[in-house]
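Okay, here's what each chain looks like letter by letter:
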Amino acid sequence: MFKRFRRLRINETLRGLVRETQLTTNDFIYPLFVKEGMGIKTEVNSMPGVFQMSMDEILKECAYLQEIGLNSIILFAIPDVKDSIGSECLCDESIISRTIKAIKIEFPNMFIVTDLCFCEYTDHGHCGILDPKTGTVDNDKTLEISAQQALVHARAGADMIAPSGMMDGIIQTLRTALDENGFKDLPIMAYSTKFASAYYGPFRDVAESTPSFGDRRSYQMDPANRLEAIEESLEDEKQGADILMVKPALSYLDIIRDIRNESRLPLAVYNVSGEYAMLKHAGLAGLIDYERVVMETLMSFKRAGADIIITYHAKEACEILNKK
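**So, the pairing of strand β1 (residues 28-35)**
Piece 1. The buried fraction of β1 amounts to eight of the eight residues, a majority that puts the element mostly inside the structure.
Piece 2. Taking every second residue as pointing to the same face, both faces of β1 are buried, with Phe28, Tyr30, Leu32 and Val34 on one and Ile29, Pro31, Phe33 and Lys35 on the other.
Piece 3. Pairing of β1 with strand β12 (residues 308-311) involves two bridges; the strand directions are parallel. By the bridge assignment, Ile29 is partnered in β12 with Ile310.

So this is what it looks like as structure tokens:
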């Protein structure tokens with residue numbers, strides 16, 4: 001006799017009972033972008049629903065996020081002053097440090113992840129100190145100032161640090177610096193498999209981080225390389241990463257599954273700006289059932305093996321989940 005799979009699909013309650021993958025509000029980290037000033041909440045044209053916000057508006061946003069059960073954010077900063085090495089982010093009074101402290105005073109239970117990179121802080125838009133001979137980022141010099149930046153975040157009260165520059169040896173460098181300075185319990189979420197993707201375009205609008213020349217293919221991964229992606233992740237695990245990440249997510253579901261099969265560490269994915277913008281604009285144009293497509297997309301990340309989803313849809317997803 002043939003198998004009647006539909007027996008388990010006919011009743012809605014039964015469908016819920018046998019559902020293999022679940023989304024909850026605990027699955028999400030929501031990106032926030034802080035800018036100097038007061039009363040600033042500027043929507044990004046390429047990413048409707050995403051804003052550059054001043055610190056006072058960030059605090060209002062955090063209050064609402066906690067109301068809907070969204071307790072984890074990843075914080076990016078947009079400074080007024082940029083220079084060749086991103087020195088603004090290396091001091092304890094940087095915009096990101098002041099914002100972390102302000103959030104922790106009002107919302108001590110808000111879990112704050114900090115993006116650790118230099119592209120938002122440098123006048124050239126690249127992710128570290130440039131080597132004039134090669135015209136790309138000097139890996140080892142950037143490691144030195146990355147350790148300084150990590151300590152700035154740690155002293156401000158960050159709950160987790162997420163280095164995104166794709167420098168070789170970054171996890172070992174940060175783990176050593178944190179441990180030696182009294183932050184041995186501060187976890188690191190590695191951007192372990194970050195591809196040089198065309199899906200990042202809208203992010204550069206909100207973070208004001210477009211490179212002034214060239215691109216980032218000399219340090220971010222080739223989208224064609226699957227085995228290298230696994231090696232990158234396993235190397236970060238060896239160096240002491242607590243959580244691994246695949247970025248972007250939607251076009252890299254195979255990589256998510258590969259790394260899930262190779263590592264037992266928690267695995268995050270970053271549902272990036274271009275992926276968000278495609279769904280958002282399609283929804284606004286009436287081309288798709290926006291809420292259903294969003295939730296189906298987020299479900300696909302978990303089904304592929306992700307434990308954590310960093311996404312600009314996080315607030316909407318929590319609102320949808322709360323309606324059920």
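Moving on, there is more to tell.
**Some remarks on a negative patch on the surface**
Piece 1. A cluster of acidic side chains, namely Asp140, Glu144, Asp168, Asp222, Glu228, Glu231, Glu235 and Glu262, defines a negative patch on the protein surface.
Piece 2. Elements that contribute at least two residues to the negative patch include exactly α4 (139-156) and α7 (227-239).
Piece 3. With three residues, the single largest contributor to the negative patch is α7.
Piece 4. With respect to the helices and strands, Glu144 occurs in helix α4.
Piece 5. When its relative accessible area of 56% is taken as the criterion, Glu144 is described as exposed.

**A few points about the pattern of salt bridges**
Piece 1. For the structure shown, the criterion picks out 13 salt bridges.
Piece 2. Asp159 is the partner of Lys104 in a salt bridge, and the nearest nitrogen-oxygen pair spans 2.6 Å. Pair noted here: Lys104 is in helix α3 (residues 95-106) and Asp159 is in the loop between α4 and β8 (160-163), with a separation of 55 residues, a long-range link.
Piece 3. When the shortest N-O distance is used, the salt bridge between Arg175 and Asp179 registers 3.0 Å. With Arg175 and Asp179 both in helix α5 (residues 170-180) and four residues apart, this pair spans about one turn of that helix.
Piece 4. Through salt bridges with shared partners, one network takes in Arg175, Asp179 and Asp242.

Conventions and cut-offs
- Residues numbered from 1 in each chain as written.
- Predicted model: local features only at pLDDT ≥ 70, side-chain atom pairs only at ≥ 80, totals over all residues.
- Heavy atoms only, no water.
- Buried < 20%, exposed > 50% of the residue type's maximum accessible area, 1.4 Å probe, protein only.
- Helix = DSSP H or I, 4+ residues; strand = E, 2+ residues; numbered from the N terminus.
- Pairing = 2+ DSSP bridges.
- Patch = residues over 30% accessible without salt bridge, like charges linked within 9 Å, V, L, I, M, F, W, Y side chains within 5 Å.
- Areas by Shrake-Rupley, 256 points an atom, 1.4 Å probe, with all protein chains shown as cover.
- Salt bridge = Lys/Arg side-chain N within 4 Å of Asp/Glu carboxyl O.
- Lys, Arg positive; Asp, Glu negative; His and termini not counted.
- Charge placed at Lys NZ, Arg CZ, Asp CG, Glu CD.

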